[in-house]
Amino acid sequence: MSGERILVVEDETDILEVIEYNLKREGYRVTGIKNGHEALRRIRRETPELVVLDLMLPGMDGIEVCRQLKRDPLTRSIPIIMVTAKGEESDIVLGLGVGADDYVPKPFSPKELMARVRAVLRRGPLQEDHQARTRISRQGLVIDPVAHKVTIDEKPLTLTATEFRLLHTLAAHPGRAFSRDDLLTRVIGQDVVVLDRNIDVHVRAIRKKLGPYRDCIETVRGLGYRFREESV
Ligand code: CA
């Protein structure tokens, strides 16, 4: 019972009540909000540990709320679980594309939602500043952002600057799906020196160099890529 603060944005009263009831029973402190504008205001003011966000909302929809939160450095690191209408792939892709951390398709069981909430909270916020300096290792694969070095079983790997940034971005957030657009902005951005702005080309090159660890980079169909979560 850690009492993390969770803000739930859902305009359908009965669904909101079920979610609130279940989260409170798990010991979380819950605030329920029924529209997008109000949600944005409250999240900016209260910076909860997690937001459960319905896609279809009056006023400002969930996609726009998510986009605005992820654009703002003050709220960017708050994880968001998107509740999608019918589990339609297009909605899911859209949600993850604007930076949602996970999604639960409707109709969902409270048990399923609680499991997602626990998983996302365990993963913690995207502490970008901290993670930018943290060494990441996965068995024999070690990514050292300070030394700008990647080794496999202590043998150094030669990556281009772009490949390094791409691998590090993915590996710093295991289990999180990144859209190609998001990766393009984060990794390549305004870098005019980069010859190929196609993320797939860079991923292909990295996978080849990773050899036995190539499967660490998973393809998320219709969206982009993610770094495989460590199996527990
Ligand atoms: Ca709704």
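Residues numbered from 1 in each chain as written. Predicted model: local features only at pLDDT ≥ 70, side-chain atom pairs only at ≥ 80, totals over all residues. Heavy atoms only, no water.

A.B. asks: Which residues make up the side chain of Arg-42, and what values do they have?
C.D. replies: Mapped onto the secondary structure, Arg-42 falls in helix α2 (residues 36-46). Polar side-chain contacts of Arg-42 include one of 2.5 Å to the side chain of Glu-46. Every residue in contact with Arg-42, bar those within four places of it in the chain, is listed here: Leu-7, Thr-31, Ile-33 and Thr-47. (Helix = DSSP H or I, 4+ residues; strand = E, 2+ residues; numbered from the N terminus. Polar contact = N/O pair within 3.5 Å; in protein donor to acceptor, adjacent residues only side chain to side chain. Contact = heavy atoms within 4.5 Å.)

A.B. asks: I'd like to hear about the sheet that holds strand β10 (residues 178-179), residue by residue, with values.
C.D. replies: If you trace the three strands from one edge of the open sheet to the other, you get β10-β12-β11, paired in antiparallel fashion. Edge positions in the sheet fall to β10 and β11 (217-220), since each has one partner strand and no second. Where β10 and strand β12 (residues 224-227) come together, two bridges link them in antiparallel fashion. Its bridge partner lying in β12, Phe-178 is registered against Tyr-225. Sheet strands in contact with helix α9 (residues 199-210) are β11 and β12, and its direction is about 150 degrees off that of β11. (Pairing = 2+ DSSP bridges. Axes fitted to C-alpha atoms, helices over the stretch in contact; angles between N-to-C directions.)

A.B. asks: Go over the nonpolar core with me, naming the residues and quoting the values.
C.D. replies: Judged by nonpolar contacts, the single largest core of 26 residues is most densely connected at Leu-167, Leu-210 and Ile-217. Residues in contact with Leu-210, not counting those within four places in the same chain, are Leu-141, Ile-152, Leu-157, Leu-167 and Ile-217. Counting 20 residues, the second largest nonpolar core, distinct from the first, contains Ala-39, Leu-40, Leu-69 and Ile-80. (Core = buried A, V, L, I, M, F, W, Y, C linked by side-chain atoms within 4.5 Å. Buried < 20%, exposed > 50% of the residue type's maximum accessible area, 1.4 Å probe, protein only.)

A.B. asks: I'd love a proper account of the coordination of the calcium ion, names of residues and values included.
C.D. replies: Looking at the calcium ion, one finds its protein donor set to be Asp-11 (OD), Asp-54 (OD) and Met-56 (O), positioned 2.1 to 2.3 Å from the metal centre. Between consecutive donors of the calcium ion, the numbers of intervening residues give the motif D-x42-D-x1-M. For Met-56, a relative accessible area of 56% puts it in the exposed group. (Donors = N, O, S within 2.8 Å, 3.2 Å for Na, K, Ca; no water.)

A.B. asks: Describe in detail the packing of aromatic side chains, supporting the description with residues and values.
C.D. replies: By the definition in use, this model includes zero aromatic pairs. If you follow Arg-176 out to its NZ or CZ, it ends over the ring of Phe-178, 4.7 Å from the centre. (Phe/Tyr/Trp six-rings, centres within 6.5 Å; stacked < 30°, edge-to-face > 60°. Lys NZ or Arg CZ within 6 Å of the ring centre and 35° of its normal.)

A.B. asks: Could you give an account of the pattern of salt bridges, with specific residues and numbers?
C.D. replies: Tallied over the entire structure, the rule returns 18 salt bridges. Here Glu-26 makes a salt bridge to Arg-118, at a shortest N to O gap of 2.8 Å. Linking Glu-26 in the loop between α1 (13-25) and β2 (29-33) with Arg-118 in helix α5 (residues 110-123), this pair joins segments that are 92 residues apart in sequence. On the accessibility criterion, Glu-26 (28% relative accessible area) is partly exposed. (Salt bridge = Lys/Arg side-chain N within 4 Å of Asp/Glu carboxyl O.)

The analysis is restricted to geometry; functional conclusions fall outside its scope.
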